[in-house]
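Chain by chain, the residues:
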Amino acid sequence: MSGIEIPASVARAFTISAKASIGPIGSGHIHQTFLVEDGKKLVLQRINKNVFTRPEVIARNNRLAADYLSVHHPHYLFLTALRDEKGNELVYAEDGFPWRLYPHIENTATVDFVTSTDQVYEAAKGFGLLTRNLHGIDCRQFEPALDRFHDLHWRYEQFEEALNRASLETIAKAKAEVEQATTFRDLVEEYNNLVKSGSLTLRITHNDTKINNILFDKLTGKAVCVIDLDTLMPGYFIYDLGDMVRTCVSPVSEEEADVSRIAFRKEIYDALLEGHLSQMKDLLSPGELAAVPFAGKMMTYIMALRFLADFLRGNTYYTIHYPEQNLVRARNQLALLQLLSQQG
Ligand code: GN1
Ligand code: MG
């Protein structure tokens, strides 16, 4: 259990009855998410306002996308928050934390790791379709919900800063990971050069395309819709492609402590690329297509640096269930990065 109670004022605003059964759902690292069964099933979420300091920006970005899609792709299933009785999508509890409510999509499920090429093809197609359907929307209308979210250069600087401020005891625990992380520093240069070259186009990207952010139909295995739209904002396609590579190619998730179980599955990678390009290929320039092999390395490196920086800072950002969890995650991501780098 998450240990967080649903405030009475929030339950009232969303007309959730006292009889409702409420339990945790999902495996996100940032918010608290609950499945509410109250006649019908609903998904209630407490937004972590320490991370998303301006939750209205998320709501506005999502609204822009929803309005555009309802005109240009009316049959596309885009999940939007339900409104309370006053018409608000965000309901603020007394402690200042905002809450929101979503419909629960029946007969769907998420997965934490990929088990087949069909499944990864579906997921990659699903995430690609989101960006494809939003092609044509004016990106300048969107505000970043989180600044410099996938800016590898900035993430590296944040890691260095965390290292400079960490205690000697913490650094000693993370010695091997810190050393390994610095050996991939060239990827930062590669990222900077790619951005400077101007060959990447800003599009509306999901920016959190890990495999458990897509709902699959339980019966057919088809991708039904994408979830977790907090970071729907302008970005480069390599962010979404890269995060899929990061979370799909290995048979184990980022939580796996036994690095010997991490592997690069070529057939999964190929199917992923095929699925994504089935939606994106005609939108991508030759310069963008040339950046495909960089995508997975870049996003895996970002997560290694972010997990490691959080460990060095004393675990202030990601939810952890045991003290060394962020270090384990960083080690896991560095092992995966090593494998991805061997692919070229
Ligand atoms: C966080 O909370 P969740 O699981 O949706 C993080 C992502 C990371 C992910 C790693 C806002 O996402 O960027 O890729 O953890 N989201 C934020 O599992 O930092
Ligand atoms: Mg997320």
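Residues numbered from 1 in each chain as written. Chains lettered and ligands numbered in written order. Predicted model: local features only at pLDDT ≥ 70, side-chain atom pairs only at ≥ 80, totals over all residues. Heavy atoms only, no water.

Student: Can you lay out the overall build of the protein chain for me, pointing to particular residues and giving the numbers?
Tutor: When its secondary structure is counted, the protein chain shows 12 helices and 10 strands. Relative to the compact-globule value of 20 Å for 344 residues, the protein chain shows a C-alpha radius of gyration of 20 Å, a close match. Reported as C-alpha extents along the three principal axes, the dimensions of the protein chain are approximately 55 × 50 × 40 Å. Taken over 344 residues, the protein chain has a buried fraction of 53%. When contacts within the protein chain are restricted to residue pairs at least 6 apart in sequence, long-range pairs at least 24 apart make up 74% of them. Accessible area of the protein chain: about 15800 Å², with a carbon and sulfur share of 52%. Taking the average location of the 36 positive side-chain charges in the protein chain and that of its 44 negative ones, the two points are 2 Å from each other. (Helix = DSSP H or I, 4+ residues; strand = E, 2+ residues; numbered from the N terminus. Rg over C-alpha atoms; globule rule 2.2 N^0.38 Å. Buried < 20%, exposed > 50% of the residue type's maximum accessible area, 1.4 Å probe, protein only. Contact = heavy atoms within 4.5 Å. Areas by Shrake-Rupley, 256 points an atom, 1.4 Å probe, with all protein chains shown as cover. Lys, Arg positive; Asp, Glu negative; His and termini not counted. Charge placed at Lys NZ, Arg CZ, Asp CG, Glu CD.)

Student: Describe the pairing of strand β3 (residues 40-46), listing the residues and the values that go with them.
Tutor: In terms of residue burial, β3 counts as a mostly covered element, since five of its seven residues are buried. Here seven bridges tie strand β2 (residues 32-38) to β3, and the two strands are oriented antiparallel to one another. Opposite E37, over in β3, you have K41 as the bridge partner. Adjacent in sequence and paired antiparallel, β2 and β3 are bridged by one residue, among which G39 carries a positive phi angle near 85°. (Pairing = 2+ DSSP bridges.)

Student: Now, about the environment of P251: what can you tell me, with residues and values included?
Tutor: Within the secondary structure, P251 is located in the loop between α8 (237-248) and α9 (266-280). Given a relative accessible area of 30%, P251 falls into the partly exposed group. Between the alpha carbons of P251 and V114 there is a distance of 6.6 Å; along the sequence they are 137 residues apart. Residues within four places of P251 in sequence aside, it is in contact with F113, R261, A263 and R265.

Student: Go over the packing of helix α6 (residues 175-182) against helix α11 (residues 292-313), please, and point to the residues and values.
Tutor: Packing of α6 against α11 leaves a shortest axis separation of 11 Å and a crossing angle of 145°. Crossing of α6 over α11 shows left-handed handedness. Between α6 and α11, the contacting residues are E177, V178 and A181 on the first element and Y301, L305, L308 and L312 on the second. Taken together, the residues that form the contact of α6 with α11 break down as six nonpolar, no polar and one charged. (Axes fitted to C-alpha atoms, helices over the stretch in contact; angles between N-to-C directions. Left-handed = near helix turned anticlockwise from the far one by under 90°. Nonpolar A, V, L, I, M, F, W, Y, C, P; charged D, E, K, R; others polar.)

Student: With reference to specific residues and values, describe empty space enclosed by the protein.
Tutor: Per the stated rule, a full pass over the model turns up one cavity of 30 Å³ or more. Volume-wise, the largest cavity comes out at about 100 Å³. Looking at the lining of the largest cavity, the elements that each hand over two or more residues are α2 (55-72) and β5 (98-103). It is α2 that contributes the most residues to the lining of the largest cavity, five residues altogether. (1 Å grid on protein atoms, 1.4 Å probe; cavity = no way out; pocket = protein on both sides within 12 Å on 5 of 7 lines; lining within 4 Å. Points joined across faces, edges and corners; volume = space filled by probe spheres on them.)

Student: Residue-level account of the coordination of the magnesium ion (ligand 2), with values.
Tutor: Looking at the magnesium ion (ligand 2), one finds its protein donor set to be D208 (OD) and D228 (OD), positioned 1.9 to 2.0 Å from the metal centre. Within this pair, whereas D208 is found in the loop between β7 (203-205) and β8 (214-217), its partner D228 is found in the loop between β9 (223-226) and β10 (233-235), the two being separated by 20 residues in sequence. Judged by its relative accessible area of 27%, D228 is partly exposed. (Donors = N, O, S within 2.8 Å, 3.2 Å for Na, K, Ca; no water.)

Student: Please provide a residue-by-residue account of the site of ligand 1, values included.
Tutor: Surveying the vicinity of ligand 1 reveals 15 residues, the closest of which are K210, D228, E254, R306 and Y317. Contact distances for ligand 1 include 2.8 Å between an oxygen atom and a side-chain N or O atom of D228. One nitrogen or oxygen atom from the side chain of Y317 is found 2.5 Å from an oxygen atom belonging to ligand 1. Protein coverage of the free-state accessible area of ligand 1, which is 440 Å², stands at 95%. Classifying every residue of the shell around ligand 1 by side-chain character gives seven nonpolar, two polar and six charged. Taken domain by domain, the shell around ligand 1 gets at least three of its residues from each of domain 1 (8-104) and domain 2 (117-342). (Near = heavy atom within 4 Å. Polar contact = N/O pair within 3.5 Å; in protein donor to acceptor, adjacent residues only side chain to side chain. Domains from an automatic or database assignment.)

Student: So what's going on with the sheet that holds β9? Residues and values would help.
Tutor: Here three strands make up an open sheet; going across it, the order is β6-β8-β9 and the pairing antiparallel. Of all strands in the sheet, those bounded by a partner on one side alone are β6 (108-109) and β9. Where β8 and β9 come together, three bridges link them in antiparallel fashion. Paired with L215 across the strands is C225, a residue of β9. Against the sheet, helix α3 (residues 117-133) makes contact with β8 and β9, and its axis sits at roughly 125° relative to β8, the strand it touches most.

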